[in-house]
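# Inside the fold
Take a look at the letters that make up each chain.
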Amino acid sequence: MALPIKEIKTYHFYPSLRARACRVWISKFNGQPRSFNCVFVDNQGGAIQGLAKARDLPTFAATIIEGNHYEIKGFYTYENRAVNIVVAANNAIIDLKSNTKIAAIEPIQPYVPRYYFKFIDYANIITNSKGSRILTDVIGRLKALQPLEQVMVRGKMLENKREFMLENICGEELHITLWGDSAQDFDELALRNLPSPVIIAFAGFRVTEFKGKPNLNSTDASLWYFNPDIPECSTYKHFFAQLSVEIQQLPSSSNAVLSIEEQIKENRRTIHEILCMNPYEHKHLRFTCQALIVDFDFSNGWWYPSCPKCNKKLSWGENIYTCVDHDAITSLPVPWFRLECIVTDGEDVTNFLLFGKTAENFFGSSAYHYVYDKKFIDPSVIPPAMAAKLNKSMIFQLRFGAFGFTTNNRCEIIITNIFDDTTNKNIHPLETPLIEAKSSTTSKTSTPLSSTKQVLIGPCTPQNTITQLKIASSSLKTPSRNISLNKETSLNYEARRALDFEATTQQLS
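Overview of the structure. (Residues numbered from 1 in each chain as written. Predicted model: local features only at pLDDT ≥ 70, side-chain atom pairs only at ≥ 80, totals over all residues. Heavy atoms only, no water.)

### Topic: the overall build of the protein chain
The line we're drawing: Strands here mean DSSP runs of E at least two residues long; helices mean DSSP runs of H or I at least four residues long; both are numbered from the N terminus. By definition in these notes, contact holds between two residues if any of their heavy atoms fall within 4.5 Å. Only the protein chains shown count as covering a residue, and every accessible area follows the Shrake-Rupley method with a 1.4 Å probe.
A tally of helices and strands in the protein chain yields twelve helices and 22 strands. Within the protein chain, contacts between residues at least 6 apart in sequence are counted, and of these 69% link residues at least 24 apart. By element, 50% of the accessible surface of the protein chain is carried by carbon and sulfur atoms, the whole surface being about 26,600 Å².

Below, the structure is given as structure tokens:
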């Protein structure tokens, strides 16, 4: 007797399963394929998810075709809690490994439906699906469509985006949003060639809530089907065939990407105006400021070892790096930019935070290159190429960070983009008397490191890199704090110190 999918349990070995592959997708991270996934369905209504890791992805992607029938021989199962994306209610996941045998078979009898959907009524989406680990499927008539656009997400990155509005038979509306590769892959031309009404089944979406209304956002597992051959689609076709319907166009998003000229001029602020802005009231505002970087504050370094999977900061303990989301990291940590830029617009001074891809674009190289290839391991010593960016007028595109305040008791001001200053306006260093202050509280260097002795280490290999990255900064050669500054840098440097001195005086008084 054939094994029913509903009887498959976690952490078991099974010799054989006969089922139909009703859904297939490939999960990606940073644009790179990381797993092959599918949903197997039998003729008793059972469904189970199968997953193959990246090393076996090409084999299973070439073997398992959506809609075909297969016999899966010799497989283990594990809990679906181990994966981020779950589309079937079964608690088990089939572990598709290199020794798992997949054989195509004749269609199973009794008939197994071509599609696997678990549709949710629009009115019950928030109640039944919000917060659920199992992704959501919906169906409806396509009422409106937004063309592909790029938007700024959390002020950090550009992301492809496309929105839809579905309508059900009751006249209720539902917003669907495709992001990233999903938005790019949607074939709008094929859609335009379909006769009206167009019925779409969206499968594998995450439910969010905005102003009390549900919104479905795409995931790696998201798929869509035009006019699928299922009873629900026939019902929609029959109902909307009696009505005059056409696809409307949704307006562009409020955070759609502007032209370069518009971005440069967008919400221009001086540093004084920025420091007087309430971060809570302007948390979604993107603004610009013309300024120059006079120094870097290295109290927390200019790079940190990050998780190769998510770029979060790793912690060191028991001779191994660990990530809060991915536990122990066995591969090489990825150096990731994060540094405080001390900036002035000629009237005031403050810190802007520069990190990640924005920093890579600005410096024209990755932190990985500086640390592993150029051997700038000490996070308190700046590479000369980075120091060359000092004292140049630029246009900074900015946003307020999360409400975790910095050591300056201010919400972080995060740089999301940097443009060359093409105006004729010059920014002059603050005109303040030179103040004889104690040692600087910021970076160990503020000029190119001509006087720095470079730390020489052996080639970076998986065996020695972990050891290199945990070298204590006190054991590394660092430049002297008594550095001779050129005239221009000295003015900016003393101006900043003067501001710090005055702020301290005010607090004491």
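### Focus on the nonpolar core
Filter applied, for reference: Here, nonpolar core means buried Ala, Val, Leu, Ile, Met, Phe, Trp, Tyr and Cys residues that are tied together by side-chain atoms lying within 4.5 Å of each other. For each residue, the accessible area found with a 1.4 Å probe, counting protein chains only, is set against the maximum for its type, and the residue is called buried under 20%, exposed over 50%, and partly exposed in between.
In this structure, Trp 302, Phe 363 and Phe 396 are the most contacted members of the largest nonpolar core, which totals 38 residues. Of the residues forming this core, the biggest block, five residues, is contributed by strand β14 (residues 287-297). Among the nonpolar cores identified, the runner-up in size contains 22 residues, and Ile 5, Leu 17, Ile 48 and Leu 57 belong to it.

### Examining the sheet that holds strand β17 (residues 320-323)
Basically, it comes down to this: Two strands form a pair only when DSSP identifies at least two bridges running between them. Axis lines are fitted through C-alpha atoms, for helices just across the contact stretch, and the angle between N-to-C directions can take any value from 0 to 180 degrees.
With antiparallel pairing, three strands are arranged side by side in an open sheet as β16-β17-β18. Whereas interior strands pair on both sides, the edge strands pair on one side only; in this sheet they are β16 (315-317) and β18 (327-329). Across this sheet, the average inter-strand angle for adjacent strands is 45 degrees, counted without regard to direction. In this sheet, β18 lies alongside β17 in antiparallel orientation, the contact comprising three bridges. Paired with Tyr 321 across the strands is Ile 329, a residue of β18.

### Notes on the pairing of strand β22 (residues 413-420)
In terms of residue burial, β22 counts as a mostly covered element, since six of its eight residues are buried. As defined by bridge partners, strand β21 (residues 393-400) adjoins β22 across seven bridges and the pair is classed as antiparallel. By the bridge assignment for β22, Met 394 is matched with Asp 420.

### A short note on the packing of aromatic side chains
Short version of the rule: Stacked, edge-to-face and tilted are the three classes for Phe, Tyr and Trp ring pairs, Trp counted by its six-membered ring, which pair at centre distances within 6.5 Å; planes under 30 degrees apart are stacked, over 60 edge-to-face, the rest tilted. A ring is scored as having a charge over it whenever the NZ atom of a lysine or the CZ atom of an arginine sits within 6 Å of its centre and within 35 degrees of its normal.
Summed over all chains, the structure comprises 26 aromatic pairs. Aromatic pair Phe 164 and Phe 202: ring centres 5.3 Å apart, planes at 55 degrees, arrangement tilted. Placement of Phe 164 in strand β9 (residues 157-167) and of Phe 202 in strand β11 (residues 199-210) is noted, with a sequence separation of 38 residues between them. The two residues Phe 164 and Phe 202 agree in class, both being buried. Centre to centre, the rings of Trp 302 and Phe 337 are 5.8 Å apart; their planes meet at 40 degrees, and the pair counts as tilted. With a gap of 35 residues between them, Trp 302 in the loop between β14 and β15 (303-306) and Phe 337 in strand β19 (residues 334-344) connect regions that are remote in the sequence. One aromatic cluster in this structure is built from Phe 296, Phe 298, Trp 302, Trp 303, Phe 337, Phe 362, Phe 363 and Tyr 370. Above the plane of the ring of Tyr 115 lies Arg 114, whose end atom (NZ or CZ) is 4.5 Å from the centre.

### Digging into the environment of Phe 400
You can see Phe 400 is positioned in strand β21. Leave out the neighbours within four places in its chain, and Phe 400 touches Ile 274, Met 277, Pro 279, His 282, Phe 287, Cys 411, Glu 412 and Ile 413.

### Quick look at helix α8 (residues 356-363)
Since the α-helix advances by 3.6 residues per turn, residues separated by three or four positions end up pointing in the same direction. Counting buried residues in α8 gives six out of eight residues, a clear majority hidden from the surface. Along α8, the residues that are buried comprise Gly 356, Thr 358, Ala 359, Glu 360, Phe 362 and Phe 363. Where α8 terminates, the next one or two residues include Gly 364, which has phi positive at roughly 70 degrees.

### Considering the environment of Ile 169
Here Ile 169 is to be found in the loop between β9 and β10 (173-179). Of the residues examined, Ile 169 reaches a relative accessible area of 31% and is grouped as partly exposed. A C-alpha to C-alpha distance of 6.8 Å links Ile 169 and Tyr 236, two positions 67 residues apart in sequence. Beyond its immediate stretch of four places on either side in the chain, Ile 169 contacts Thr 235, Tyr 236, Phe 239 and Phe 240.

### Describing the pattern of salt bridges
Stated formally: Salt bridges, as used here, are contacts in which a Lys or Arg side-chain nitrogen is within 4 Å of a carboxyl oxygen on Asp or Glu.
Across all of its chains, the model carries 16 salt bridges by this definition. Residues Lys 143 and Glu 173 are paired through a salt bridge, measuring 2.4 Å at the closest nitrogen-oxygen approach. With a gap of 30 residues between them, Lys 143 in strand β7 (residues 136-145) and Glu 173 in strand β10 connect regions that are remote in the sequence. Of the residues examined, Glu 173 reaches a relative accessible area of 41% and is grouped as partly exposed. Ionic pairing is found between Lys 161 and Glu 149, a salt bridge with its closest N-O pair at 3.7 Å. In this pair, Lys 161 is assigned in strand β9 and Glu 149 in strand β8 (residues 149-153), connecting sequence segments twelve residues apart. Across this residue pair, the class does not change: Lys 161 and Glu 149 are buried. A network of salt bridges, in which partner residues are shared, links Glu 149, Lys 161 and Glu 163.

### Considerations on a nonpolar patch on the surface
Condition: Each patch groups residues whose relative accessible area exceeds 30% and which form no salt bridge, using 9 Å between like charges and 5 Å between nonpolar side chains of Val, Leu, Ile, Met, Phe, Trp and Tyr.
Taken together, the side chains of Ile 169, Phe 239 and Leu 243 define a hydrophobic patch exposed on the protein surface, amounting to about 230 Å² of accessible area. In this fold, Phe 239 is placed in helix α5 (residues 231-240).

### Some points on the side chain of Arg 141
We count it as follows: Think of a polar contact as two N or O atoms within 3.5 Å of one another; within protein, one of them needs to be a possible hydrogen donor and the other a possible acceptor, and neighboring residues in sequence only count if both atoms come from side chains.
Within the secondary structure, Arg 141 is located in strand β7. Residue Arg 141 is classed as buried on the basis of its relative accessible area of 5%. A polar contact of 2.8 Å, which involves the side chain of Arg 141, links it to the side chain of Glu 167. Sequence-distant contacts of Arg 141, defined by excluding residues within four places in its chain, comprise Met 165, Leu 166, Glu 167, Pro 197, Val 198, Ile 199, Tyr 236, Phe 240, Val 245 and Glu 246.

### Quick word on the environment of Ser 27
Residue placement: Ser 27 occurs in strand β1 (residues 13-29). Since its relative accessible area comes to 5%, Ser 27 is described here as buried. Residues in contact with Ser 27, not counting those within four places in the same chain, are Gln 32, Pro 33, Arg 34, Ser 35, Asn 37, Ile 85 and Asp 220.

### Details of the side chain of Glu 360
Of note, Glu 360 is situated in helix α8. Classification of Glu 360 by relative accessible area gives buried; the value is 17%. Setting aside residues up to four positions removed in sequence, Glu 360 forms contacts with Trp 336, Phe 337, Ser 365 and Ser 366.

### With respect to unusual backbone geometry
The linkage connecting Gln 109 with the following residue, Pro 110, adopts the cis geometry, with an omega of -5 degrees. Along the chain, Pro 110 turns up in the loop between β6 (101-104) and α2 (125-129). Of note, the bond from Ser 196 into Pro 197 is cis; its omega dihedral lies within 30 degrees of zero at 0 degrees. One non-glycine residue with positive phi stands out, namely Asp 327, at about 60 degrees.

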